[in-house]
Amino acid sequence: MTHFEQDLASLKETLLTMASRADSSVARSIRALVDRDDDLARAVIEDDSILDELEKDIDGMAITLLSKAPLAKDLRLITVAMKISQNLERVGDEATTVCRRALELSQEPQLKPYVDIPRMAQTGLEMLRDALDAFVTGDAEKARAIVPRDKDVDAINKQLHRELASYMIEKPTTITRALNLMVVSKSLERIADHATNIAEEVVYLFKAQDIRHLGKGQNGSSNS
Amino acid sequence: MAAITLKTNSTSTPATAEQESAVPLIETKGLELFYGTSKALKGIDITIKEKLVTAFIGPSGCGKSTFLRCFNRMNDLIDSVRITGECRIGGEDIYAKDIDVIELRKRVGMVFQKSNPFPKSIYENIAYALRLHGTKEKAKLDEVVEKSLRGAALWDEVKDRLHSSALGLSGGQQQRLCIARTIAIRPEIILMDEPASALDPIATAKVEELILELKKDFTIVIVTHNMQQATRISDYTAFFYIGELVEYDLTTKIFTNPANKRTEDYVTGRFG
């Protein structure tokens, strides 16, 4: 392996460390919410600084690598790594938002059984894991298949908003809790968006094809 | 809880531990060089660290090669040259009267732009200098020839034809042979004057990889016109312009956030 390849490998490795940290933050934030575990929620908030630092590390490594004038796939890998790390950092931010709301929600009795929220988190995490798996294995088709799954999460988010609105209309004392749950739901929906962004970057990395912002039925798969 | 060890904050392009801990080896103070009456180097102060790669960049005629050649007194060979100021290697003034220039050039080896193997066999190219410096036994010569060729990443390509003419090698192989010849006498410092400028990209990549390997054992100072080459292989970069050292800093700093406008214009290709 050349020195440049070693540096690229170390960039990838740092990115995967970051991905596993972001994944764990989301999983723990949902556990903190469902189990009403304030200590866990606070730990997740505190750990977020690790993701922030990793994002800066990746940017530093990427800038140094870019100054060496990489071309073709190496060039795409470095720019994609910067974008993926930014998305992972945001995933971490969403996990801290969930935890902050969990800390408020645990002050009052639970409004409703949490069914949809863990389901959304689960789907978002699966999308994130598949996107990273596609990044590691170089599987652009797997990455491409992630994009439509974002719609499922969007649908649950909308449905949950309607449901929570009806709680608020019926009983104003539920407003604080319902609003907190709306924020949680929105955060989970954003996590799925970040997973989608990462999947799109993975397709660009391996196929040099930009599939962002395409209309319905145009996920670019016919060109691959 | 922060369970993993974080690297240093990367936004300000910090030095690596290796760069940080390296000790100074070459130091010049107010070094000036004249070709007749024209001043080619204008008071250069620099400290070059041991076992790192330092690159000299700058437009043609800026003095970078002239400065490089001060470190093994190659400019002495030109009659009209006069040098003032200090140049120390390992604390020793190399322009002092009692300095043995042959010994100095053994400590400070040089690789040139155009490969210049002797018109002899591959084996003899390396063994020649060793014999000159007193090694006579064949076993010892064989050992050093192999070690040097391995060190220059050439052994596997030439081991079956050590006694064929060195002139039959490709340009890239000849350049690596010249590097093998230089490291055979174990210098402390290797000066390289555009060692890859006459090579194709594949041969260049091999020489660059070799330089990164060699810095484990040697201090390397390289003149290059290829800026990406400087970013790929060097730890520190010095930018020269019309006989002046304009900026000298970590390579990452020079190429991502230079302090001087002239450096920035040069590295971005906007030089007027």
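Scroll up for the structure.
Procedures and definitions
Within each chain, residue numbers correspond to sequence positions counted from 1 in written order. Each chain is given a letter, starting from A, and each ligand a number, starting from 1, according to the order in which they appear as written. Side-chain atom pairs in this predicted model are given and counted only at pLDDT of 80 or more, local residue features only at pLDDT of at least 70, and totals for whole chains, interfaces and linings cover all residues. Side-chain metrics in this entry use all non-hydrogen atoms of the structure; hydrogen atoms and water are not considered. Going along the chain from the N terminus, every DSSP run of H or I of four or more residues is numbered as a helix, and every run of E of two or more is numbered as a strand. Radius of gyration here is computed from C-alpha atoms only, and the compact-globule reference equals 2.2 Å multiplied by the residue count raised to the power 0.38. Only protein chains enter the accessibility calculation, which uses a 1.4 Å probe; a residue whose area is less than 20% of its type maximum is buried, one above 50% is exposed, and one in between is partly exposed. Contact criterion: two residues are considered in contact whenever any of their non-hydrogen atoms come within 4.5 Å of each other. Per-residue and other accessible areas were derived by the Shrake-Rupley procedure at a 1.4 Å probe size, with only the shown protein chains allowed to occlude residues. Charge counting treats Lys and Arg as positive and Asp and Glu as negative, with His and both chain ends excluded. In plain terms, the charge of a residue is placed at NZ if it is Lys, CZ if Arg, CG if Asp and CD if Glu. Here, a strand pair is defined by DSSP locating no fewer than two bridges between the strands. Only buried residues count toward a nonpolar core, which is a set of Ala, Val, Leu, Ile, Met, Phe, Trp, Tyr and Cys residues joined through side-chain atoms within 4.5 Å. What a helix is expected to span follows from its residue count: subtract one and scale by 1.5 Å. The arc in question is the one spanned by the directions pointing from the helix axis to the C-beta atoms. Every axis in this analysis is a line fitted to C-alpha atoms, fitted for helices over the stretch in contact. Angles between the N-to-C directions lie between 0 and 180 degrees. These descriptions rest on fixed angle ranges, namely under 35 degrees for roughly parallel, over 145 for roughly antiparallel, 65 to 115 for roughly perpendicular, and the rest for oblique.

*Asks:* Would you explain the overall build of chain B in this entry?
*Replies:* Of regular secondary structure, chain B possesses 11 helices and 10 strands. For 272 residues, the compact-globule estimate of 2.2 N^0.38 gives 19 Å, and chain B sits close to it at 20 Å. In terms of overall dimensions, chain B has a C-alpha envelope of 60 × 55 × 35 Å along the principal axes. Evaluated residue by residue, chain B yields a buried proportion of 49% over its 272 residues. A fraction of 67% describes how many contacts in chain B between residues 6 or more apart in sequence connect residues 24 or more apart. Summed over its atoms, the accessible surface of chain B is roughly 12,800 Å², and 52% of this surface lies on carbon and sulfur atoms. Averaged over its 36 positive side-chain charges, chain B has a centre that lies 2 Å from the centre of its 36 negative ones.

*Asks:* Looking at this structure, how should I read the sheet that holds strand E1 (residues 24–35) of chain B?
*Replies:* Across a sheet, strands are paired by hydrogen bonds formed along the backbone, either parallel or antiparallel in direction. All names here are of chain B. In spatial order, the strands read E2-E1-E4-E5; together these 4 strands make up an open sheet with antiparallel pairing. Only two strands of the sheet have a single neighbouring strand rather than two, namely strand E2 (38–49) and strand E5 (92–93). Examined bridge by bridge, strand E4 (residues 81–89) and E5 share 2 bridges and lie antiparallel to one another. Across the sheet, arginine 88 pairs through a bridge with aspartate 93, a residue of E5.

*Asks:* Honestly, the nonpolar core in this entry has me stumped. Any pointers?
*Replies:* Core analysis: the biggest nonpolar cluster contains 67 residues, and Ile84, Leu88, Ile117, Leu128, Phe135, Leu188 and Ile198 of chain A have the highest contact counts within it. Broken down by secondary-structure element, the contributors of at least two residues to this core are helix H1 (3–34), helix H2 (38–66), helix H3 (72–105), helix H4 (116–137), helix H5 (140–146), helix H6 (150–170) and helix H7 (175–207) of chain A. The contact partners of isoleucine 84 of chain A, leaving out residues within four places of it in the chain, are Leu15, Phe135, Ile198, Glu201 and Val202 of chain A. Judged by nonpolar contacts, the second largest core, of 47 residues, contains Val145, Ile179, Leu212 and Ala230 of chain B.

*Asks:* Hey, could you run me through H6 of chain A in this one?
*Replies:* Working note: α-helix, 3.6 residues per turn, so residues spaced by three or four point in the same direction. All names here are of chain A. With 21 residues, H6 extends 31 Å from end C-alpha to end C-alpha; this agrees with the ideal 30 Å at 1.5 Å per step. Looking at H6, one finds that the buried residues are Asp150, Val153, Ile156, Asn157, Leu160, Leu164 and Met168. Looking down the long axis of H6, one finds its buried residues gathered within 120° of arc, a one-sided arrangement. Exposed residues pointing more than 90 degrees away from the buried face of H6 are listed as Lys151, Lys158, Arg162, Ile169 and Glu170. In this structure, the buried residues of H6 make contact with H4, H5 and H7.

*Asks:* I would appreciate a short explanation of the environment of arginine 69 of chain B in the present structure.
*Replies:* Residues and elements named next belong to chain B. Summarising the element assignment, arginine 69 is placed in helix H2 (residues 64–70). Taking the C-alpha atoms as reference points, arginine 69 and lysine 39, separated by 30 residues in sequence, lie 16 Å from one another. Non-local contacts of arginine 69, meaning those with residues more than four positions away in its chain, are made with Met74, Asn75, Ile78 and Met110.

*Asks:* Can you walk me through the packing of H3 of chain A against H7 of chain A in this structure?
*Replies:* At a closest axis distance of 9 Å, the pairing of H3 of chain A and H7 of chain A adopts a crossing angle of 170°. In terms of axis orientation, H3 of chain A runs roughly antiparallel to H7 of chain A.

*Asks:* Honestly, the sheet that holds strand E7 (residues 189–193) of chain B in this entry has me stumped. Any pointers?
*Replies:* All names here are of chain B. With mixed pairing, the 6 strands of this open sheet are ordered in space as E6-E7-E8-E3-E9-E10. Where the open sheet ends on each side, the last strands, each with one partner, are strand E6 (108–111) and strand E10 (244–250). Each adjacent strand pair in this sheet contributes to an overall mean axis angle of 20°, direction not counted. Here E7 runs beside strand E8 (residues 219–223); their pairing, made up of 5 bridges, is parallel. In the sheet register, methionine 192 faces E8, and the bridge partner there is isoleucine 222. Across the face of the sheet, helix H7 (residues 171–184) comes into contact with E6 and E7 while running at roughly 175° to E6.

Treat this as a map of the structure, not an account of what it does.
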